[in-house]
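Letter by letter, the chains look like this.
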Amino acid sequence: MNRRAQILTLVLSVAFLAAGTPGWAQDCTAASEFWFWRLGHMDGPHDSAKALGISRDGSVAVGSTVVVDFTRAWRCDIGWAVCTDDQVPPLFNELQVQEDLGVVAPSRPSAAYAASDMTVDNCGYDKETNFDWCGSLPVGALTIGSVSYGVEWFQDDSDVTIYVGIPDFGGGISDMKVNDVSADGTILVGTGNNRRGLRAFRADTTVVDADGVPVPAQLVIQDAVTLQTLRSSAAQAVSEDGLIIAGYGSTKSANRAFVTTSEDWSADEPVLVSTILPMLGGGKFAEAYAMTPDGAIIAGRSDSPKGPQACIWFQDETETWVVKGLGSLSKKNMDSMATGIAYRPGSLVGELIVVGRSQSILYPSEAFVWTGNPVLEDDEIGYFYDLEYILTKTGAGEASGMGSEWILNETTGISAAGDRMVGWGVNPEGGIEAWLVTGFPFDELVFTHE
(Lines give C-alpha, C1' and ligand atoms only; values in the text may rest on other atoms or scores of the structure.)
Protein backbone atom coordinates (compact mmCIF):
# COMPACT_ATOMS: atom_id res chain seq x y z
CA MET A 1 0.00 0.00 0.00
CA ASN A 2 1.49 3.37 -0.97
CA ARG A 3 1.72 6.31 1.38
CA ARG A 4 -1.25 8.29 0.07
CA ALA A 5 -3.43 5.20 0.15
CA GLN A 6 -2.37 4.68 3.75
CA ILE A 7 -3.36 8.22 4.66
CA LEU A 8 -6.73 7.79 2.92
CA THR A 9 -7.24 4.58 4.87
CA LEU A 10 -6.39 6.46 8.05
CA VAL A 11 -8.95 9.16 7.31
CA LEU A 12 -11.68 6.65 6.54
CA SER A 13 -10.93 4.50 9.58
CA VAL A 14 -10.92 7.51 11.87
CA ALA A 15 -14.21 8.71 10.42
CA PHE A 16 -15.72 5.27 11.06
CA LEU A 17 -14.40 5.31 14.61
CA ALA A 18 -15.76 8.79 15.25
CA ALA A 19 -19.21 7.70 14.15
CA GLY A 20 -19.32 5.11 16.93
CA THR A 21 -17.75 7.05 19.79
CA PRO A 22 -18.62 10.40 21.37
CA GLY A 23 -15.09 11.81 21.22
CA TRP A 24 -14.34 15.00 23.06
CA ALA A 25 -17.35 17.21 23.57
CA GLN A 26 -17.91 19.71 20.75
CA ASP A 27 -19.71 22.13 23.10
CA CYS A 28 -16.87 22.25 25.62
CA THR A 29 -16.53 25.85 26.78
CA ALA A 30 -12.88 25.37 27.78
CA ALA A 31 -11.89 25.06 24.13
CA SER A 32 -12.90 28.66 23.39
CA GLU A 33 -12.26 30.45 26.70
CA PHE A 34 -9.33 32.84 27.11
CA TRP A 35 -7.05 30.50 29.00
CA PHE A 36 -3.40 29.66 29.62
CA TRP A 37 -2.46 25.97 29.50
CA ARG A 38 0.70 24.19 30.56
CA LEU A 39 1.56 21.54 27.98
CA GLY A 40 4.05 19.82 30.26
CA HIS A 41 6.36 17.14 28.95
CA MET A 42 6.07 13.73 27.38
CA ASP A 43 6.37 10.54 29.41
CA GLY A 44 9.75 9.63 30.85
CA PRO A 45 12.74 11.65 32.13
CA HIS A 46 12.99 15.08 30.57
CA ASP A 47 14.72 18.43 30.91
CA SER A 48 12.74 20.84 28.78
CA ALA A 49 9.88 21.04 26.29
CA LYS A 50 9.13 23.64 23.63
CA ALA A 51 6.05 24.11 21.46
CA LEU A 52 7.44 25.09 18.06
CA GLY A 53 4.31 25.37 15.92
CA ILE A 54 0.55 25.03 15.59
CA SER A 55 -1.65 23.94 12.67
CA ARG A 56 -3.67 26.59 10.86
CA ASP A 57 -6.95 25.21 12.19
CA GLY A 58 -5.58 25.43 15.73
CA SER A 59 -6.13 21.73 16.37
CA VAL A 60 -2.55 20.43 16.64
CA ALA A 61 0.49 21.72 18.52
CA VAL A 62 3.96 20.35 17.78
CA GLY A 63 7.41 20.75 19.24
CA SER A 64 10.36 19.02 20.86
CA THR A 65 11.30 17.79 24.31
CA VAL A 66 14.77 17.05 25.64
CA VAL A 67 14.70 13.43 26.83
CA VAL A 68 17.90 12.45 28.65
CA ASP A 69 20.51 13.76 26.19
CA PHE A 70 18.62 14.17 22.92
CA THR A 71 15.56 15.99 21.60
CA ARG A 72 12.43 14.14 20.55
CA ALA A 73 9.56 15.45 18.42
CA TRP A 74 6.00 15.48 19.76
CA ARG A 75 2.47 16.44 18.76
CA CYS A 76 -0.57 17.31 20.83
CA ASP A 77 -4.26 17.16 19.91
CA ILE A 78 -5.39 20.44 21.44
CA GLY A 79 -9.09 19.60 21.47
CA TRP A 80 -8.44 16.44 23.43
CA ALA A 81 -5.96 18.14 25.74
CA VAL A 82 -8.30 20.93 26.85
CA CYS A 83 -11.60 19.07 26.96
CA THR A 84 -12.11 15.34 27.45
CA ASP A 85 -15.32 13.33 27.21
CA ASP A 86 -16.47 14.39 30.69
CA GLN A 87 -16.10 18.06 29.64
CA VAL A 88 -13.66 18.62 32.50
CA PRO A 89 -10.33 19.98 31.20
CA PRO A 90 -7.21 18.11 32.35
CA LEU A 91 -5.23 19.89 35.05
CA PHE A 92 -2.16 21.08 33.19
CA ASN A 93 -0.20 18.01 32.02
CA GLU A 94 -1.55 15.32 34.35
CA LEU A 95 -2.64 13.34 31.28
CA GLN A 96 0.73 13.73 29.49
CA VAL A 97 -0.78 15.40 26.43
CA GLN A 98 2.40 15.26 24.33
CA GLU A 99 2.50 12.33 21.92
CA ASP A 100 6.01 11.07 21.25
CA LEU A 101 6.80 11.08 17.53
CA GLY A 102 10.28 9.75 18.22
CA VAL A 103 9.02 6.25 19.00
CA VAL A 104 9.47 5.43 15.33
CA ALA A 105 13.21 6.01 15.74
CA PRO A 106 14.30 5.48 19.39
CA SER A 107 17.28 7.52 20.58
CA ARG A 108 17.36 9.54 17.38
CA PRO A 109 17.10 13.33 17.75
CA SER A 110 14.03 14.89 16.15
CA ALA A 111 11.87 18.02 16.28
CA ALA A 112 8.48 18.99 14.79
CA TYR A 113 7.98 22.53 13.50
CA ALA A 114 4.53 22.58 11.86
CA ALA A 115 1.47 20.43 11.13
CA SER A 116 -1.26 20.22 8.53
CA ASP A 117 -4.90 20.69 9.46
CA MET A 118 -7.09 17.84 10.66
CA THR A 119 -9.25 16.23 7.97
CA VAL A 120 -11.76 14.51 10.27
CA ASP A 121 -14.22 16.32 12.53
CA ASN A 122 -15.20 14.98 15.93
CA CYS A 123 -12.52 12.29 16.27
CA GLY A 124 -12.69 9.70 18.99
CA TYR A 125 -9.88 10.33 21.47
CA ASP A 126 -8.65 7.68 23.85
CA LYS A 127 -4.96 7.98 24.57
CA GLU A 128 -4.83 4.72 26.48
CA THR A 129 -5.96 2.62 23.51
CA ASN A 130 -6.29 4.63 20.31
CA PHE A 131 -5.10 8.25 20.10
CA ASP A 132 -6.06 9.06 16.51
CA TRP A 133 -4.46 11.85 14.50
CA CYS A 134 -7.62 12.72 12.56
CA GLY A 135 -5.58 13.18 9.39
CA SER A 136 -3.11 15.77 10.70
CA LEU A 137 0.50 15.44 9.51
CA PRO A 138 3.39 16.92 11.56
CA VAL A 139 6.63 17.89 9.82
CA GLY A 140 10.16 18.56 10.98
CA ALA A 141 13.58 16.96 11.06
CA LEU A 142 15.07 13.63 12.14
CA THR A 143 18.76 12.93 12.66
CA ILE A 144 20.15 9.45 12.05
CA GLY A 145 23.83 9.33 12.88
CA SER A 146 25.28 12.46 11.33
CA VAL A 147 22.58 12.78 8.66
CA SER A 148 19.52 15.00 9.06
CA TYR A 149 16.36 14.20 7.07
CA GLY A 150 13.35 16.35 6.38
CA VAL A 151 10.37 14.43 7.78
CA GLU A 152 6.61 14.17 7.58
CA TRP A 153 5.09 11.86 10.19
CA PHE A 154 1.81 9.98 9.68
CA GLN A 155 -0.07 6.91 10.86
CA ASP A 156 -0.55 3.77 8.81
CA ASP A 157 -3.81 1.84 8.72
CA SER A 158 -2.91 0.02 11.95
CA ASP A 159 -2.37 3.32 13.84
CA VAL A 160 1.41 2.85 13.88
CA THR A 161 3.44 6.07 13.68
CA ILE A 162 5.75 6.07 10.68
CA TYR A 163 7.35 8.76 8.54
CA VAL A 164 8.53 9.68 5.09
CA GLY A 165 12.04 11.13 5.04
CA ILE A 166 13.39 13.55 2.45
CA PRO A 167 17.09 12.82 1.87
CA ASP A 168 19.82 15.26 0.88
CA PHE A 169 20.22 16.89 -2.51
CA GLY A 170 23.08 14.57 -3.40
CA GLY A 171 26.79 14.67 -2.81
CA GLY A 172 26.66 13.47 0.78
CA ILE A 173 25.81 16.81 2.40
CA SER A 174 22.61 16.80 4.40
CA ASP A 175 21.06 19.11 7.03
CA MET A 176 17.56 18.66 5.59
CA LYS A 177 14.71 20.21 7.55
CA VAL A 178 10.99 20.76 6.83
CA ASN A 179 9.86 24.09 8.28
CA ASP A 180 6.26 24.29 7.08
CA VAL A 181 3.51 22.32 5.36
CA SER A 182 0.38 23.16 3.35
CA ALA A 183 -3.03 22.84 4.99
CA ASP A 184 -3.69 19.45 3.36
CA GLY A 185 -0.23 18.08 4.14
CA THR A 186 0.89 17.53 0.54
CA ILE A 187 3.41 20.37 0.08
CA LEU A 188 6.52 20.57 2.26
CA VAL A 189 8.98 23.45 2.33
CA GLY A 190 12.27 23.78 4.13
CA THR A 191 15.99 23.91 3.69
CA GLY A 192 18.85 21.58 2.94
CA ASN A 193 22.53 21.75 2.16
CA ASN A 194 24.46 21.29 -1.06
CA ARG A 195 28.07 22.00 -1.88
CA ARG A 196 27.31 25.69 -2.31
CA GLY A 197 25.52 26.14 1.01
CA LEU A 198 21.92 26.18 2.23
CA ARG A 199 19.19 25.85 -0.39
CA ALA A 200 15.42 26.23 0.02
CA PHE A 201 13.28 23.39 -1.28
CA ARG A 202 9.68 22.54 -2.07
CA ALA A 203 8.50 18.93 -2.16
CA ASP A 204 5.17 17.57 -3.39
CA THR A 205 4.47 14.34 -1.48
CA THR A 206 2.19 13.09 -4.25
CA VAL A 207 5.14 13.06 -6.65
CA VAL A 208 7.73 10.49 -5.64
CA ASP A 209 10.68 8.54 -7.06
CA ALA A 210 10.90 4.79 -7.67
CA ASP A 211 11.36 4.21 -3.92
CA GLY A 212 8.27 6.23 -3.00
CA VAL A 213 10.29 9.17 -1.65
CA PRO A 214 9.29 12.77 -2.50
CA VAL A 215 11.90 14.59 -4.59
CA PRO A 216 12.71 18.06 -3.23
CA ALA A 217 12.97 20.80 -5.84
CA GLN A 218 15.74 23.25 -5.04
CA LEU A 219 14.71 26.91 -5.23
CA VAL A 220 17.03 29.47 -6.79
CA ILE A 221 15.76 32.90 -5.75
CA GLN A 222 16.25 35.70 -8.26
CA ASP A 223 14.42 38.99 -7.96
CA ALA A 224 12.09 39.38 -10.95
CA VAL A 225 12.89 43.10 -11.37
CA THR A 226 16.50 43.63 -10.28
CA LEU A 227 17.64 40.10 -11.30
CA GLN A 228 19.64 39.91 -8.05
CA THR A 229 20.18 36.24 -7.11
CA LEU A 230 20.54 35.10 -3.52
CA ARG A 231 23.61 32.99 -2.85
CA SER A 232 21.76 30.66 -0.48
CA SER A 233 18.15 30.30 0.61
CA ALA A 234 15.93 28.87 3.36
CA ALA A 235 12.16 28.37 2.95
CA GLN A 236 10.44 29.16 6.24
CA ALA A 237 6.73 29.41 5.40
CA VAL A 238 4.23 28.28 2.77
CA SER A 239 0.69 29.42 2.01
CA GLU A 240 -2.15 27.08 2.91
CA ASP A 241 -2.52 26.01 -0.75
CA GLY A 242 1.20 25.35 -1.10
CA LEU A 243 1.73 27.86 -3.92
CA ILE A 244 3.53 30.77 -2.22
CA ILE A 245 6.78 30.43 -0.26
CA ALA A 246 8.62 32.92 1.95
CA GLY A 247 11.97 32.81 3.69
CA TYR A 248 15.40 34.37 3.45
CA GLY A 249 18.70 33.94 1.70
CA SER A 250 22.16 35.41 1.70
CA THR A 251 23.92 38.05 -0.34
CA LYS A 252 27.59 38.95 -0.14
CA SER A 253 26.92 41.16 2.87
CA ALA A 254 23.81 39.88 4.72
CA ASN A 255 20.53 37.96 4.64
CA ARG A 256 17.54 39.18 2.64
CA ALA A 257 13.89 38.15 2.92
CA PHE A 258 12.07 36.82 -0.14
CA VAL A 259 8.69 35.63 -1.41
CA THR A 260 8.31 33.38 -4.43
CA THR A 261 5.71 31.47 -6.43
CA SER A 262 5.34 29.74 -9.78
CA GLU A 263 2.65 29.54 -12.45
CA ASP A 264 3.32 25.81 -12.77
CA TRP A 265 4.82 24.02 -9.78
CA SER A 266 4.26 20.67 -11.52
CA ALA A 267 6.93 21.38 -14.15
CA ASP A 268 10.22 19.49 -13.90
CA GLU A 269 11.98 22.83 -13.43
CA PRO A 270 9.35 25.36 -12.25
CA VAL A 271 9.90 28.96 -13.34
CA LEU A 272 9.88 31.05 -10.16
CA VAL A 273 8.57 34.56 -9.84
CA SER A 274 10.46 35.95 -6.86
CA THR A 275 10.73 39.24 -5.00
CA ILE A 276 13.54 40.12 -2.62
CA LEU A 277 11.65 42.04 0.03
CA PRO A 278 12.69 45.54 1.17
CA MET A 279 14.43 46.31 4.45
CA LEU A 280 13.60 49.05 6.93
CA GLY A 281 15.44 52.32 6.33
CA GLY A 282 19.01 52.04 7.54
CA GLY A 283 18.77 48.28 7.94
CA LYS A 284 21.39 45.80 6.79
CA PHE A 285 19.43 42.52 6.71
CA ALA A 286 15.92 41.06 6.69
CA GLU A 287 14.40 37.60 7.21
CA ALA A 288 10.87 36.26 6.64
CA TYR A 289 9.46 33.53 8.90
CA ALA A 290 5.67 33.43 8.55
CA MET A 291 2.74 34.43 6.33
CA THR A 292 -1.02 34.69 6.39
CA PRO A 293 -2.75 31.56 5.01
CA ASP A 294 -3.25 33.23 1.60
CA GLY A 295 0.36 34.44 1.44
CA ALA A 296 -0.68 38.08 1.04
CA ILE A 297 1.09 39.36 4.16
CA ILE A 298 4.48 38.16 5.40
CA ALA A 299 6.07 38.54 8.83
CA GLY A 300 9.64 38.34 10.08
CA ARG A 301 12.28 40.85 11.07
CA SER A 302 14.39 43.60 9.56
CA ASP A 303 17.42 45.38 10.83
CA SER A 304 17.11 49.09 11.65
CA PRO A 305 19.35 51.82 13.11
CA LYS A 306 18.04 50.83 16.59
CA GLY A 307 18.52 47.12 16.00
CA PRO A 308 16.53 44.29 14.43
CA GLN A 309 12.78 44.55 14.89
CA ALA A 310 9.70 42.52 14.00
CA CYS A 311 8.09 43.64 10.76
CA ILE A 312 5.48 42.80 8.16
CA TRP A 313 5.54 43.01 4.37
CA PHE A 314 2.52 43.65 2.18
CA GLN A 315 1.70 45.11 -1.22
CA ASP A 316 0.53 48.71 -1.56
CA GLU A 317 -1.98 50.04 -4.06
CA THR A 318 0.63 49.77 -6.84
CA GLU A 319 1.25 46.09 -5.99
CA THR A 320 4.73 46.98 -4.74
CA TRP A 321 5.99 45.18 -1.67
CA VAL A 322 6.54 47.52 1.28
CA VAL A 323 7.79 46.92 4.82
CA LYS A 324 6.40 48.12 8.13
CA GLY A 325 8.34 47.90 11.40
CA LEU A 326 6.32 46.78 14.41
CA GLY A 327 8.72 47.87 17.12
CA SER A 328 9.97 46.04 20.17
CA LEU A 329 9.25 45.66 23.88
CA SER A 330 12.47 47.59 24.45
CA LYS A 331 12.33 51.03 22.85
CA LYS A 332 16.03 51.79 23.32
CA ASN A 333 17.78 48.67 22.03
CA MET A 334 15.46 46.80 19.70
CA ASP A 335 15.73 43.08 19.20
CA SER A 336 12.45 41.47 18.15
CA MET A 337 11.28 38.90 15.60
CA ALA A 338 7.85 37.88 14.30
CA THR A 339 7.26 34.12 14.11
CA GLY A 340 3.52 33.97 13.35
CA ILE A 341 0.77 36.07 11.76
CA ALA A 342 -3.01 35.77 11.33
CA TYR A 343 -5.67 37.77 9.51
CA ARG A 344 -8.70 38.87 11.56
CA PRO A 345 -11.03 41.03 9.43
CA GLY A 346 -13.46 43.08 11.49
CA SER A 347 -11.37 43.28 14.66
CA LEU A 348 -11.52 46.65 16.40
CA VAL A 349 -7.79 46.49 17.13
CA GLY A 350 -6.71 45.81 13.57
CA GLU A 351 -7.13 43.07 11.02
CA LEU A 352 -3.70 41.58 11.73
CA ILE A 353 -2.29 39.84 14.79
CA VAL A 354 1.43 39.07 14.92
CA VAL A 355 3.31 37.04 17.54
CA GLY A 356 6.96 36.38 18.26
CA ARG A 357 9.71 37.23 20.68
CA SER A 358 11.36 40.47 21.79
CA GLN A 359 14.03 41.74 24.11
CA SER A 360 12.57 43.70 27.03
CA ILE A 361 14.01 45.75 29.86
CA LEU A 362 13.86 42.62 32.04
CA TYR A 363 14.72 39.68 29.80
CA PRO A 364 16.59 39.01 26.55
CA SER A 365 13.50 37.30 25.13
CA GLU A 366 9.78 37.64 25.94
CA ALA A 367 6.72 36.52 24.00
CA PHE A 368 4.86 39.43 22.40
CA VAL A 369 1.55 40.08 20.67
CA TRP A 370 1.06 42.92 18.16
CA THR A 371 -2.22 43.91 16.52
CA GLY A 372 -2.85 46.51 13.84
CA ASN A 373 -3.48 47.08 10.15
CA PRO A 374 -1.29 46.63 7.05
CA VAL A 375 -0.75 50.37 6.53
CA LEU A 376 2.47 52.37 6.56
CA GLU A 377 1.01 55.44 8.25
CA ASP A 378 0.32 54.99 11.97
CA ASP A 379 -3.46 54.76 12.33
CA GLU A 380 -3.22 54.45 16.15
CA ILE A 381 -5.12 51.17 16.15
CA GLY A 382 -3.93 48.09 18.02
CA TYR A 383 -1.26 47.38 20.59
CA PHE A 384 2.16 45.82 21.23
CA TYR A 385 2.36 44.03 24.58
CA ASP A 386 4.21 41.14 26.08
CA LEU A 387 1.90 38.14 26.42
CA GLU A 388 2.57 37.66 30.11
CA TYR A 389 1.37 41.23 30.74
CA ILE A 390 -1.83 40.57 28.77
CA LEU A 391 -2.57 37.37 30.68
CA THR A 392 -1.90 39.05 34.02
CA LYS A 393 -3.82 42.28 33.45
CA THR A 394 -6.88 40.61 31.91
CA GLY A 395 -7.05 38.08 34.73
CA ALA A 396 -6.78 35.13 32.33
CA GLY A 397 -3.52 34.03 33.91
CA GLU A 398 -4.96 34.10 37.42
CA ALA A 399 -8.12 32.24 36.38
CA SER A 400 -6.10 29.48 34.73
CA GLY A 401 -3.59 29.19 37.56
CA MET A 402 -0.65 30.53 35.56
CA GLY A 403 0.74 32.30 38.59
CA SER A 404 3.20 35.18 38.64
CA GLU A 405 6.46 33.26 38.24
CA TRP A 406 6.21 32.22 34.57
CA ILE A 407 8.55 33.85 32.05
CA LEU A 408 7.01 33.44 28.59
CA ASN A 409 10.07 33.57 26.36
CA GLU A 410 8.64 33.12 22.86
CA THR A 411 5.40 32.72 20.97
CA THR A 412 6.27 30.35 18.13
CA GLY A 413 2.97 29.99 16.27
CA ILE A 414 -0.61 31.18 15.95
CA SER A 415 -3.74 29.67 14.41
CA ALA A 416 -5.24 31.15 11.25
CA ALA A 417 -8.12 32.60 13.26
CA GLY A 418 -5.71 34.24 15.69
CA ASP A 419 -7.42 32.71 18.72
CA ARG A 420 -4.83 30.11 19.68
CA MET A 421 -1.07 30.46 20.12
CA VAL A 422 1.76 28.29 21.38
CA GLY A 423 5.27 28.83 22.66
CA TRP A 424 7.65 28.08 25.46
CA GLY A 425 8.97 29.66 28.61
CA VAL A 426 10.39 29.15 32.09
CA ASN A 427 7.82 27.64 34.45
CA PRO A 428 7.55 28.34 38.20
CA GLU A 429 9.72 25.30 38.89
CA GLY A 430 12.54 26.80 36.83
CA GLY A 431 12.29 24.43 33.87
CA ILE A 432 11.64 25.06 30.18
CA GLU A 433 8.03 24.12 29.35
CA ALA A 434 5.66 24.35 26.39
CA TRP A 435 2.44 26.31 26.75
CA LEU A 436 -0.80 27.05 24.91
CA VAL A 437 -3.20 30.00 24.95
CA THR A 438 -6.80 29.51 23.79
CA GLY A 439 -9.58 32.02 23.15
CA PHE A 440 -7.31 35.03 22.65
CA PRO A 441 -9.55 38.16 22.49
CA PHE A 442 -10.71 39.21 19.02
CA ASP A 443 -11.24 42.87 19.93
CA GLU A 444 -10.10 45.22 22.69
CA LEU A 445 -8.32 43.79 25.72
CA VAL A 446 -10.14 44.41 28.99
CA PHE A 447 -7.65 45.00 31.82
CA THR A 448 -9.41 44.17 35.07
CA HIS A 449 -6.28 43.64 37.17
CA GLU A 450 -4.53 47.00 37.16
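Conventions we followed
- Residues numbered from 1 in each chain as written.
- Predicted model: local features only at pLDDT ≥ 70, side-chain atom pairs only at ≥ 80, totals over all residues.
- Heavy atoms only, no water.
- Helix = DSSP H or I, 4+ residues; strand = E, 2+ residues; numbered from the N terminus.
- Contact = heavy atoms within 4.5 Å.
- 1 Å grid on protein atoms, 1.4 Å probe; cavity = no way out; pocket = protein on both sides within 12 Å on 5 of 7 lines; lining within 4 Å.
- Points joined across faces, edges and corners; volume = space filled by probe spheres on them.
- Nonpolar A, V, L, I, M, F, W, Y, C, P; charged D, E, K, R; others polar.
- Pairing = 2+ DSSP bridges.
- Axes fitted to C-alpha atoms, helices over the stretch in contact; angles between N-to-C directions.
- Buried < 20%, exposed > 50% of the residue type's maximum accessible area, 1.4 Å probe, protein only.
- Salt bridge = Lys/Arg side-chain N within 4 Å of Asp/Glu carboxyl O.
- Phe/Tyr/Trp six-rings, centres within 6.5 Å; stacked < 30°, edge-to-face > 60°.
- Lys NZ or Arg CZ within 6 Å of the ring centre and 35° of its normal.

Trainee: Explanation requested: the environment of Lys393 in the structure shown.
Mentor: If you trace the backbone, Lys393 turns up in helix α3 (residues 387-394). C-alpha separation for the pair Lys393 and Phe447, spaced 54 residues apart in sequence, amounts to 5.0 Å. Filtering out sequence-adjacent residues up to four positions away, Lys393 remains in contact with Val446, Phe447, Thr448, His449 and Glu450.

Trainee: Even after reading the chapter, I still don't get the layout of surface pockets, so can you show me in this structure?
Mentor: The gaps left among the atoms become clear once a water-sized probe is rolled over them. Quantified by volume, the largest pocket comes out at close to 770 Å³. For the largest pocket, the lining is made up of 33 residues, of which Leu52, Tyr113, Tyr289, Thr339 and Thr412 are closest to its centre. Counting residues per element, the ones that place at least two in the lining of the largest pocket are β2 (48-54), β6 (110-115), β12 (177-181), β16 (232-238), β20 (286-291), β24 (336-343) and β28 (407-414). Looking at the lining of the largest pocket residue by residue, the classes come out as 17 nonpolar, eleven polar and five charged.

Trainee: I would appreciate a short explanation of the sheet that holds β20 in the present structure.
Mentor: The pairing of strands in a sheet comes from backbone hydrogen bonds and takes either a parallel or an antiparallel form. Within the open sheet, the four strands sit side by side as β20-β21-β22-β23. Their pairing is antiparallel. At either margin of the open sheet sits one strand with a lone partner, and together these are β20 and β23 (321-327). The average angle at which neighbouring strand axes cross in this sheet is 35°, direction not considered. Here strand β21 (residues 298-302) pairs with strand β22 (residues 309-315) via five bridges, running antiparallel. Among the inter-strand pairings, Ile298 is bridged to a residue of β22, identified as Trp313.

Trainee: Before we go on, may I ask you to explain the environment of Glu410 in this structure?
Mentor: As for its placement among the helices and strands, Glu410 is situated in strand β28. We classify Glu410 as buried; its relative accessible area is 12%. Separated by 24 residues in sequence, Glu410 and Asp386 have C-alpha atoms that sit 9.7 Å apart. Excluding anything up to four places from it in sequence, Glu410 contacts Met337, Thr339, Gly356, Arg357, Ala367, Val422, Gly423, Trp424 and Trp435.

Trainee: Looking at this structure, I do not really get the pattern of salt bridges. What am I missing?
Mentor: Where charged atoms from two side chains of opposite charge approach closely, those side chains can pair. Per the stated rule, a full pass over the model turns up seven salt bridges. Among the salt bridges present, the one from Arg38 reaches Glu429, with a minimum N-O distance of 2.7 Å. Placement of Arg38 in strand β1 (residues 35-40) and of Glu429 in the loop between β29 (421-426) and β30 (432-438) is noted, with a sequence separation of 391 residues between them. Between Asp77 and Arg75 there is a salt bridge, with its nearest N and O atoms 2.7 Å apart. Of the two residues, Asp77 and Arg75, both sit in the buried class. One salt-bridge network, in which partners are shared between bridges, spans Arg38, Glu429 and Glu433.

Trainee: I'm lost on the sheet that holds β24 in this one. Help?
Mentor: In space, the four strands of this open sheet follow the order β24-β25-β26-β27, with antiparallel pairing throughout. Among the strands making up the open sheet, the edge pair consists of β24 and β27 (383-386). The sheet shows a mean angle of 20° between the axes of neighbouring strands, taken without regard to direction. Relative to strand β25 (residues 352-358), β24 is paired through seven bridges, and the arrangement is antiparallel.

Trainee: Please clarify how the packing of aromatic side chains should be interpreted in this entry.
Mentor: For any pair of aromatic rings, the description rests on two quantities: the centre-to-centre distance and the angle between the ring planes. Tallying each qualifying case throughout the model produces ten aromatic pairs. Members of the aromatic cluster, joined through ring pairs, are Tyr383, Tyr385, Tyr389 and Phe447. Geometry around Trp424 places Lys50 over its ring, the cationic atom sitting 4.0 Å from the centre. The aromatic ring of Phe384 is capped on one face by Lys331, whose charged end is 5.9 Å from the ring centroid.

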